[in-house]
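Close look at the chain arrangement
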Amino acid sequence: MKEQQLIIESLLFVASEPLLQSDIERVFDVDDTPSLDDAIIDINAKYSDSAFEVKAVGEGYMLVTKKEFEPFISKYMPTKKLMLSNASLEVLAIVAYKQPISRIDIESIRGVDCKGVIKNLLNKKLIKIGGRDDSLGKALLYHTTDEYLKHFGLTNLSEMPTISEISEIIDSEDNGIINEAL
């Protein structure tokens, strides 16, 4: 068991994508495949007093530095920020909240053509094609990706603010503007 945990740790260390149970099944013998979820609990206990933790990302796990060390890491290693236009952010939000969704539906919400924006988001691997619609034209359906979750620091989509939470924030900001004007 200890050796299996060390093997999983090494896989987490070299993985550039979230490590999945299916990856573990490829590495270990069928009769001796450990549970990735159980191993992660043990690994996180081991790293409780270190700068690292294993974080759930989408369906898998990644070895990451703890948030409190981010300011030091960014001073040492400035990262190239992923720049997104307002149009890209709008389309990404629509896909995140309405997925699976077709380009036609995105365009009906935004009121403008979105082909270029969708292509850009596909190239940045923030969205992916997740199937086809049952409608007459069999339109492509778009979903967010694990890269989207990583970029926004989410474990899964349920961590996104709800529509009602967003409305509350907007309403409170509007009230602040009205009160300042008075």
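Our structure's up above, just so we're on the same page.
Counting starts from 1 at the beginning of each chain's written sequence and moves along it residue by residue. With the structure being a predicted model, the display of local features is reserved for residues of pLDDT at least 70 and the display and counting of side-chain atom pairs for 80 or more, all residues being used for whole-chain, interface and lining totals. Each side-chain value is worked out from all heavy atoms of the structure, with water and hydrogens disregarded.

**Regarding the nonpolar core**
We define the nonpolar core as a collection of buried residues of types Ala, Val, Leu, Ile, Met, Phe, Trp, Tyr and Cys that are connected through side-chain atoms lying within 4.5 Å of one another. The buried label goes to any residue with under 20% of its type's maximum accessible area, the exposed label to any with over 50%, and the partly exposed label to all in between, with areas taken from a 1.4 Å probe on protein chains only. Counting residues in hydrophobic clusters, the biggest one holds 21 residues, and the most contacted among them are Val91, Ile106, Leu121 and Tyr148. Broken down by secondary-structure element, the contributors of at least two residues to this core are helix H5 (86-98), helix H7 (115-123) and helix H8 (146-151). Per-element accounting of this core gives the leading share, five residues, to H5. Counting residues in each nonpolar core, the second largest holds twelve residues, with Ile8, Leu12, Leu36 and Tyr47 among its members. A run of H or I in DSSP counts as a helix once it spans at least four residues, and a run of E counts as a strand once it spans at least two, with each numbered from the N terminus.

**Considering the sheet that holds strand S4 (residues 127-132)**
A strand pair is defined by DSSP finding two or more bridges across the two strands. The strand order across the open sheet built from three strands is S3-S5-S4, with neighbouring strands paired in antiparallel fashion. Two strands in the sheet have a free side with no partner beyond their single neighbour: strand S3 (101-102) and S4. In this structure, S4 lies alongside strand S5 (residues 140-144), joined through four bridges in antiparallel fashion. By the bridge assignment for S5, Arg132 is matched with Leu140. A contact between two residues is defined here by any heavy atoms of the two lying within 4.5 Å. Fitting a line to C-alpha atoms yields each axis, with helices limited to the stretch in contact; the angle taken between N-to-C directions then spans 0 to 180 degrees. Those strands touched by H5 are S3, S4 and S5, and its axis lies near 95 degrees from that of S5.

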